[in-house]
Structure formats: C-alpha cells, structure tokens
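Close look at the chain arrangement
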Amino acid sequence: MGIRVFRERCVGAGMCALTAPDVFTQDDDGFSELLPDRPAVTENHPLVREAARACPVGAVALTDD
Ligand code: SF4
C-alpha cells in the first residue's frame, strides 16, 4: 500500500499532519508533504486511513502499490 498527496487539491488544513505526524508534514506554505523518513505505509498503520478520511478536500489517497 502506498500513499499519495494531490498537492493541487491541498488547502493546507493540516488534518493529515495532525492525524499521522510520522507520515505527513506541512511545508512553509502549509501544504502537505510526505516525510522522506516516514515508515512504510501498510494496512496496519493505525492512522493513515484516518488521515485520508480526515482530509476535507480528498487530497490524500491510498494506492495499491
Ligand atoms: S488534510 Fe488535506 S488539505 Fe489539509 S494539509 Fe493534509 S492534504 Fe492538505
């Protein structure tokens, strides 16, 4: 399982970084970024699905790769 952030959709609400701070951060403009040293995202990660659900504009997607 992978994760993707559609930055063109991101409005900087910060829910992803608040929900899963080991995976997401926000850049200087407040837009979401994936942390380079994030843990491997698996179905077992407790908060990544919640982060995707929490994004108010659907900018976080889980992928099959
Ligand atoms: S929750 Fe969505 S809108 Fe907010 S920073 Fe994360 S990706 Fe962007």
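Residues numbered from 1 in each chain as written. Predicted model: local features only at pLDDT ≥ 70, side-chain atom pairs only at ≥ 80, totals over all residues. Heavy atoms only, no water.

1. As for the nonpolar core
The line we're drawing: Joining through side-chain atoms within 4.5 Å is the link that ties buried Ala, Val, Leu, Ile, Met, Phe, Trp, Tyr and Cys residues into a set, and such a set is a nonpolar core. Any residue under 20% of the maximum accessible area for its type is buried, any over 50% is exposed, and the rest in between are partly exposed; the area is computed with a 1.4 Å probe on protein chains only. Counting from the N terminus, the helices are DSSP H or I runs at least four residues long and the strands are E runs at least two residues long. Residues count as neighbours in contact if any of their non-hydrogen atoms are within 4.5 Å of one another.
Core analysis: the biggest nonpolar cluster contains 15 residues, and Ile3, Val23, Phe24 and Val60 have the highest contact counts within it. At the level of secondary structure, the elements contributing two or more residues to this core comprise strand E1 (2-5), helix H1 (15-19) and helix H2 (48-54). Apart from the residues within four sequence positions on either side, valine 60 is in contact with Ile3, Arg4, Val5, Cys16, Phe24, Ala52 and Cys55.

2. Things to note about the site of the ligand
We apply this condition: A single heavy atom is enough: if one lies within 4 Å of a molecule or strand, its residue is considered near that molecule or strand. As a working rule, the residues Ala, Val, Leu, Ile, Met, Phe, Trp, Tyr, Cys and Pro are called nonpolar, Asp, Glu, Lys and Arg charged, and the rest polar, with Gly in that last group.
Around the ligand there are 13 residues in total, and Cys10, Ala13, Gly14, Cys16 and Cys55 lie nearest to it. Residues belonging to the shell around the ligand are distributed by class as follows: ten nonpolar, three polar and no charged.

3. Some words on the side chain of histidine 45
Convention followed: Any pair of N or O atoms that falls within 3.5 Å is considered a polar contact. Within protein, one atom must be able to donate a hydrogen and the other to accept it, and sequence-neighbouring residues count only if both atoms are side-chain atoms.
On the secondary structure map, histidine 45 appears in the loop between strand E3 (32-34) and H2. Separated by 3.2 Å, the side chains of histidine 45 and aspartate 22 make a polar contact. At 3.0 Å, the side chain of histidine 45 forms a polar contact with the backbone nitrogen of leucine 47. Among residues more than four places away in sequence, those in contact with histidine 45 are Ala20, Asp22, Val23 and Pro39.

4. Structural notes on the environment of proline 21
Among the secondary structure elements, proline 21 is positioned in the loop between H1 and strand E2 (24-26). The spatial distance from the C-alpha of proline 21 to the C-alpha of valine 48 is 9.6 Å, given a sequence separation of 27 residues.

5. As for the packing of aromatic side chains
Quick note on the threshold: Geometry of aromatic contacts follows a simple scheme: Phe, Tyr and Trp rings, the Trp one being its six-membered ring, pair when their centres are within 6.5 Å, and the pair is stacked under 30 degrees between planes, edge-to-face over 60, tilted otherwise. In this analysis the charged atom, NZ for Lys or CZ for Arg, is taken to sit over a ring once it is within 6 Å of the ring centre and within 35 degrees of the ring normal.
The final tally for this structure, using the stated rule, is zero aromatic pairs. The ring of phenylalanine 6 carries the charged tip of arginine 9 above its face, separated from the ring centre by 4.9 Å.

6. Quick notes on the side chain of threonine 19
Here threonine 19 shows up in helix H1. A residue is classified by how much of its surface remains accessible, and threonine 19, at 16% relative accessible area, is buried. A distance of 2.6 Å separates a polar side-chain atom of threonine 19 from the backbone oxygen of methionine 15. When near neighbours in sequence (up to four residues on either side) are disregarded, threonine 19 contacts Leu47, Glu50, Ala51 and Ala54.

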